[in-house]
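A look at the structure
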Amino acid sequence: MRARTRRLWTFAISASLLVAAATLVFFALRGNANLFYTPEILAEKGMPEIGREVRVGGWVEPGSLNYPGDGAEIRFIVIDGSPQTIPVSYTGIAPDLFREGQGVVAVGKFDDTGLFTARQLLAKHDENYQPRELKQAKPVSADASE
Amino acid sequence: MIEIGHLLTFLALGLSLAQGVFGFMGRRALAGRIALTAFVSMALAFLTLVVAFAQSDFSVALVANNSHTLKPMAYKLAGTWGNHEGSMALWCLVTLGFGAAGAVLMRTGREIFEARALGMQGLLAVGALAYLLFASSPFTRLDPAPFQGASLNPLLQDPALTFHPPMLYLGYVGYSFVFALAAAGLMEARIDRVWAKEARRWGLAAFVPLTLGIALGSYWAYYELGWGGWWFWDPVENASLMPWLIGAAFLHSVIVTEKRGGFAAWTALLAVLAFLFSIMGAFLVRSGVLTSVHAFAVDPERGLLLLLGLIFYGLIALVLFAVRAPRLEGGKGWSGFSREGALMANNIVLVVAALTVLLGTLFPLMAEAAGQTISVGEPYFNLTFVPILVLILAILPVVQAWAWGKADLSHWMKWALGGLGLVLVFAALGVGVFEISLGAAFGLALGMWLIFGALWELKRRAVSLRRVFRLQLRIWGMTLAHVGLGVFIIGAVVETTQRYESTIALPRDGTETVAGWSITLEDVRAIEGPNWYADRAELSIAKSGARATLAPMKRYYPAAQMPTTETAIYKTGTGDLYVALGERRDVDGEARWVFRVYFNPLIDLVFFGVFLMALGGFLSLLPRRRKVGAGS
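Note that this is a predicted model, so its numbers are computed, not measured.

A tally of helices and strands in chain A yields 3 helices and 6 strands. Ordered by position in the sequence, the α and β elements of chain A form the string α-β-α-β-β-β-β-β-α. Long-range contacts, defined as pairs at least 24 residues apart, comprise 55% of the intrachain contacts of chain A with a sequence gap of at least 6.

As a further point, take the overall build of chain B. Within chain B one finds 17 helices and 11 strands. In terms of overall size, chain B behaves like a compact globule, its C-alpha atoms giving a radius of gyration of 26 Å where 632 residues would be expected to give roughly 26 Å. Overall size of chain B, expressed as C-alpha extent along the three principal axes, is 80 × 75 × 60 Å. Burial statistics for chain B: of 632 residues in total, 53% are counted as buried. Looking at chain B alone, contacts between residues at least 24 apart form 73% of all its contacts between residues at least 6 apart.

Time to look at the domain arrangement of chain B. Here chain B is partitioned into domain 1 (1-157), domain 2 (158-396), domain 3 (397-498 + 610-621) and domain 4 (500-605). The gap between the C-alpha centroids of domain 1 of chain B and domain 3 of chain B is 42 Å.

The subject of this paragraph is helix H9 (residues 235-260) of chain B. All names here are of chain B. Helix length check: H9 (26 residues) gives 38 Å between terminal C-alpha atoms against 38 Å at 1.5 Å per residue, within 8%. Across the 26 residues that make up H9, a large majority, 23, are buried. Following H9 by one or two positions, Gly261 has its phi on the positive side, about 75 degrees.

All right, on to the sheet that holds strand S9 (residues 568-572) of chain B then. Residues and elements named next belong to chain B. What the 4 strands build is an open sheet, ordered S2-S11-S10-S9; its pairing is antiparallel. Either end of the sheet is taken by a strand with one partner, and the two such strands are strand S2 (500-506) and S9. Within this sheet the neighbouring strands show an average axis-to-axis angle of 20 degrees, counted without direction. The pairing of S2 with strand S11 (residues 590-601) spans 7 bridges and is antiparallel. Bridge pairing in S11 links Thr503 to Arg596.

Moving on, we get to the packing of helix H2 (residues 28-54) of chain B against helix H5 (residues 84-105) of chain B. Residue and element names in this part refer to chain B. For the pair H2 and H5, the least separation of the axes is 8 Å and the interaxial angle reads 150 degrees. Between H2 and H5, the angle falls in the class roughly antiparallel. Note on packing geometry: the crossing formed by H2 with H5 is left-handed. Between H2, through Gly32, Ala35, Leu36, Ala38, Phe39, Met42, Ala43, Phe46 and Leu49, and H5, the contact on the second element is made entirely by Gly86, Ala89, Cys92, Leu93, Leu96, Gly97, Gly99, Ala100 and Ala103. Along the lines of polarity and charge, the residues of the contact of H2 with H5 split into 14 nonpolar, 4 polar and no charged.

The subject of this paragraph is the environment of B:Leu577. Residues and elements named next belong to chain B. Within the secondary structure layout, Leu577 lies in strand S10 (residues 575-587). Between the C-alpha atom of Leu577 and that of Trp517, which follows or precedes it by 60 residues, the distance is 8.9 Å. Among residues more than four places away in sequence, those in contact with Leu577 are Trp517, Ile541, Tyr570, Thr572 and Phe599.

A few words on the interface of chain A and chain B. Quoted interface sizes are often the accessible area lost when the parts come together. Opposite the 33 residues of chain A that make contact, chain B presents 35 residues. Mapped by element, the contributors of at least two residues to the side of chain A that touches chain B are helix H1 (3-32), strand S1 (33-37) and helix H3 (132-136) of chain A. Of all the elements, H1(A) adds the most residues to the side of chain A that touches chain B, at 14 residues. Sheet topology note: the S1(A)/strand S1 (residues 374-376) of chain B ladder contains 3 bridges and is antiparallel. By the bridge assignment for S1(B), A:Ala33 is matched with B:Val376.

A word on the nonpolar core. When a protein is soluble and globular, its nonpolar side chains tend to lie buried together. Residues and elements named next belong to chain B. Counting residues in each nonpolar core, the largest one holds 212 residues, and the members touching the most others are Cys92, Val178, Phe179, Ile246 and Ala271. Ranked by the residues each element gives to this core, the list is headed by helix H10 (residues 264-287), at 18 residues. Once residues within four sequence positions are removed from consideration, Phe179 is found in contact with Leu124, Ala271, Val272, Phe275 and Ala317. Within the second largest apolar cluster, 29 residues are counted, among which are Ala505, Leu521, Tyr557 and Val597.

Let us now look at the environment of B:Ala61. Residue and element names in this part refer to chain B. Note that Ala61 resides in helix H3 (residues 61-66). When the 19 C-beta atoms within 10 Å are taken as the criterion, Ala61 is described as partly exposed. Once the C-alpha coordinates of Ala61 and Ile348 are considered, the two residues, 287 residues apart in sequence, prove to be 47 Å apart. Here Ala61 is in contact with Thr140, Arg141 and Leu142, once residues within four sequence places are set aside.

Below, the discussion takes up the pairing of S10(B). The two faces of a sheet get side chains in turn, since along a regular strand they alternate between them. All names here are of chain B. Summarising the sheet, S9 and S10 pair through 5 bridges and their orientation is antiparallel. For Thr572, the partnering residue across the bridge sits in S10 and is Gly575. Connecting S9 to the next strand, S10, in antiparallel fashion are 2 residues. Judged from the 11 bridges that link them, S10 and S11 form a sheet pairing that is antiparallel. Residue Leu581 lies in a different strand from S11, and its bridge partner there is Phe595. Counting the residues that bridge the hairpin from S10 to S11 gives 2 residues, and of these Asp588 lies at a positive phi of roughly 50 degrees.

This paragraph deals with helix H16 (residues 473-498) of chain B. Taking 1.5 Å of rise per residue, the 26 residues of H16(B) would be expected to cover 38 Å, and the 37 Å separating its terminal C-alpha atoms lies within 8% of that figure. H16(B) sits mainly inside the fold: 20 of its 26 residues count as buried.

Next up on the list: unusual backbone geometry. Glycine aside, the phi torsion of most residues is negative, and most peptide linkages are trans. Residues and elements named next belong to chain B. In the segment running from Asp143 into Pro144, the intervening peptide bond is cis, with an omega of 0 degrees. Locating Pro144 in the fold gives a position in the loop between helix H6 (111-135) and helix H7 (159-187). You will see that Asp509, though not glycine, has its phi angle at about 70 degrees, which is positive. You can see Asp509 is positioned in the loop between S2 and strand S3 (511-514).

Another aspect to go through is the packing of helix H12 (residues 339-369) of chain B against helix H13 (residues 378-399) of chain B. All names here are of chain B. Two elements in contact, H12 and H13, have axes separated by 10 Å at closest approach and are oriented at 170 degrees. Viewed along their axes, H12 and H13 adopt a mutual orientation that is roughly antiparallel. Residues Ala342, Ala345, Asn346, Val349, Val352, Ala353, Thr356, Val357 and Gly360 of H12 pack against Tyr380, Phe381, Thr384, Phe385, Ile388, Leu389, Leu391, Ile392 and Val399 of H13. Of the residues belonging to the contact of H12 with H13, the class tally is 14 nonpolar, 4 polar and no charged.

On to the confidence of the model for chain B. Residues and elements named next belong to chain B. For chain B, per-residue confidence averages 88 on the pLDDT scale, and 96% of positions sit at 70 or higher. Of all secondary-structure elements in chain B, the lowest mean pLDDT belongs to S1, at 75, while H2 reaches the highest, 97. Predicted confidence for residues 628-632 stays below pLDDT 50, and this span has 1 contact to residues more than four positions away or in other chains. Among the scores for the predicted complex, ipTM is 0.76 and pTM is 0.89.

Scoring rules and cut-offs
Residues numbered from 1 in each chain as written. Chains lettered and ligands numbered in written order. Predicted model: local features only at pLDDT ≥ 70, side-chain atom pairs only at ≥ 80, totals over all residues. Helix = DSSP H or I, 4+ residues; strand = E, 2+ residues; numbered from the N terminus. Contact = placed C-beta atoms within 7 Å. Rg over C-alpha atoms; globule rule 2.2 N^0.38 Å. Buried ≥ 20, exposed ≤ 12 C-beta atoms within 10 Å, placed from the backbone. Domains from an automatic or database assignment. Expected span 1.5 Å × (residues − 1). Pairing = 2+ DSSP bridges. Axes fitted to C-alpha atoms, helices over the stretch in contact; angles between N-to-C directions. Parallel < 35°, antiparallel > 145°, perpendicular 65-115°, else oblique. Left-handed = near helix turned anticlockwise from the far one by under 90°. Nonpolar A, V, L, I, M, F, W, Y, C, P; charged D, E, K, R; others polar. Core = buried A, V, L, I, M, F, W, Y, C linked by C-beta atoms within 7 Å. pLDDT = per-residue confidence, 0-100.

Next comes the structure, spelled out in structure tokens:
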């Protein structure tokens with residue numbers, strides 16, 4: 001094949017692959033970039049579509065932690081000082097620093113009753129590592145953020 | 001002691017500057033000697049830091065912040081590089097180490113070229129050393145010295161993590177020398193076979209430790225984090241994957257340059273990009289712009305300096321490239337259906353894959369700049385990265401037999417039909433008999449296809465079975481690497497799609513059945529280690545005759561005020577039964593302990609496959625085997 005034809009082919013193949021990749025990336029990002037909701041944002045924007053994975057964050061309401069079953073599942077309520085609250089269910093090991101009154105970010109989905117089923121919980125790890133989103137949210141009150 | 005180290009580091013900085021000047025003046029021998037001296041100087045400086053850690057000298061700020069007298073000695077030593085400043089010192093040491101190794105090992109017979117490569121390496125070292133000395137000095141004293149240190153993050157007190165950073169840095173920084181070679185080659189507009197032969201060895205010298213470093217990190221994440229998985233698409237994992245992909249592309253492209261003189265500009269570009277991606281990884285991890293478990297030094301100013309370094313070296317390289325690339329020789333002509341064409345396809349795919357990872361990693365940053373908080377996780381990468389790679393893997397066994405220049409396509413159909421048949425058989429077997437998903441069956445077939453193809457290629461090249469062991473080591477290296485890729489894919493696909501997980505809450509003497517295993521909680525006891533105490537659960541597990549005890553722990557490190565999870569793993573022939581202990585929950589007045597139980601099928605193949613790839617790279621790096629009787 002002549003050098004020019006070859007260059008043309010290489011360019012055409014690379015370009016079409018790039019376009020294919022860009023299309024994939026576009027759809028993947030549109031469908032899979034997780035939006036972040038605090039209770040306040042939820043009240044403002046309304047529920048995301050059922051079955052779409054999102055992240056919710058806020059503080060674990062003191063006194064809200066309970067076990068509906070044999071202990072494998074936990075339930076708690078996420079608050080952020082706004083009138084809206086988010087009930088969360090999680091089955092699994094909670095992060096070491098997860099407790100009532102502490103900040104938490106949950107990854108999961110809402111069901112049609114408004115219950116958020118988390119597949120992953122992120123708690124404040126230590127002073128240096130805090131879920132990034134929570135730095136922007138305001139603490140509920142002095143005692144709630146310990 | 002560390003004052004001496006501080007002085008020696010300044011000396012290394014001065015020497016690197018001299019290495020740069022004399023190197024660019026073309027004084028090969030002098031630059032080489034300076035490179036060796038600079039390396040020795042920095043090695044001694046690093047040693048003073050290690051000694052300070054070994055002696056728990058808390059008057060050194062770095063030791064006080066990252067060590068503790070009760071820590072086991074191995075972790076005291078590993079603490080030297082388990083923090084920002086120390087790891088940058090390691091970065092400098094490795095940069096100078098590659099300069100020294102280059103001074104000794106380069107064999108191109110081109111004095112000016114080698115001198116310039118050493119000069120460029122010196123210039124890279126100057127940047128790293130200046131950053132170390134003026135922006136993140138490990139040589140700072142505390143007055144008064146504290147009586148006790150703040151300890152190393154307990155998650156990092158682990159054997160795999162002791163070797164993970166040095167391996168990773170050998171890889172990242174190894175690409176600095178590939179960068180230097182590319183810059184020197186571009187300066188004289190000579191990216192030819194001799195250049196490629198040299199650059200390929202250094203590309204392998206970086207690729208092997210980078211592969212091992214990533215595997216160690218992944219293995220650590222598997223058993224230490226207690227999340228069951230081995231890859232989480234964490235920004236820091238991505239930061240190491242991008243240079244790996246570019247480095248892999250380089251290793252394939254440089255073959256064309258070495259054997260046929262082709263792809264010269266493209267190979268040089270990849271050589272430069274591999275190192276730029278490495279610096280970008282350092283920037284992403286150290287600046288705190290991305291949220292990650294690795295972000296141990298969240299300091300925007302340091303991040304800015306790294307970004308400036310990235311832009312500075314990137315500009316040098318790209319300007320050189322823009323000026324010289326048009327003057328590079330083109331090599332022999334080739335048709336699209338040829339080994340050149342196949343390797344070109346490999347390169348396009350690997351680079352596009354690296355770009356999708358880059359986009360997924362940076363997208364949250366861009367979104368944040370636009371005022372939205374967004375995270376990009378596994379589903380994105382499964383949708384973009386995976387199909388792109390599948391494309392090239394599926395054709396690999398067919399195209400690797402193609403000849404240089406123009407391939408004989410008469411057997412093409414046979415191969416394609418063979419592959420298709422294999423996929424169909426596996427899909428039918430997998431879905432029908434073993435009840436796995438179609439995607440998993442396809443993945444399995446792909447892995448088998450790769451292994452089969454690699455072995456077939458070995459046989460084809462050897463012509464007869466007796467001659468297999470007389471083949472060049474680099475052929476063996478290629479075969480092992482491709483077999484390793486196949487093994488990895490089988491492990492990854494089976495583990496990811498067939499993993500079983502469940503959460504159970506057991507009271508004392510309670511039993512539950514998970515994945516066919518009956519799990520009984522015998523006892524939970526408090527125990528104590530050298531610098532931690534722990535709750536240790538004793539579980540007896542049983543499944544059709546097999547019986548064992550597992551003891552997962554939840555440790556607490558008082559010095560760092562941090563808990564860690566110590567998982568317990570029972571290896572069966574087909575996978576790992578993996579248990580992590582969670583918290584105690586009091587349900588209706590009864591104490592229960594939460595366990596996360598996973599069955600991770602064929603997980604060992606994931607790590608073994610990656611190990612084979614590294615081993616293949618290592619074999620390719622070994623010097624050519626001399627032919628018996630040839631005498632050369």
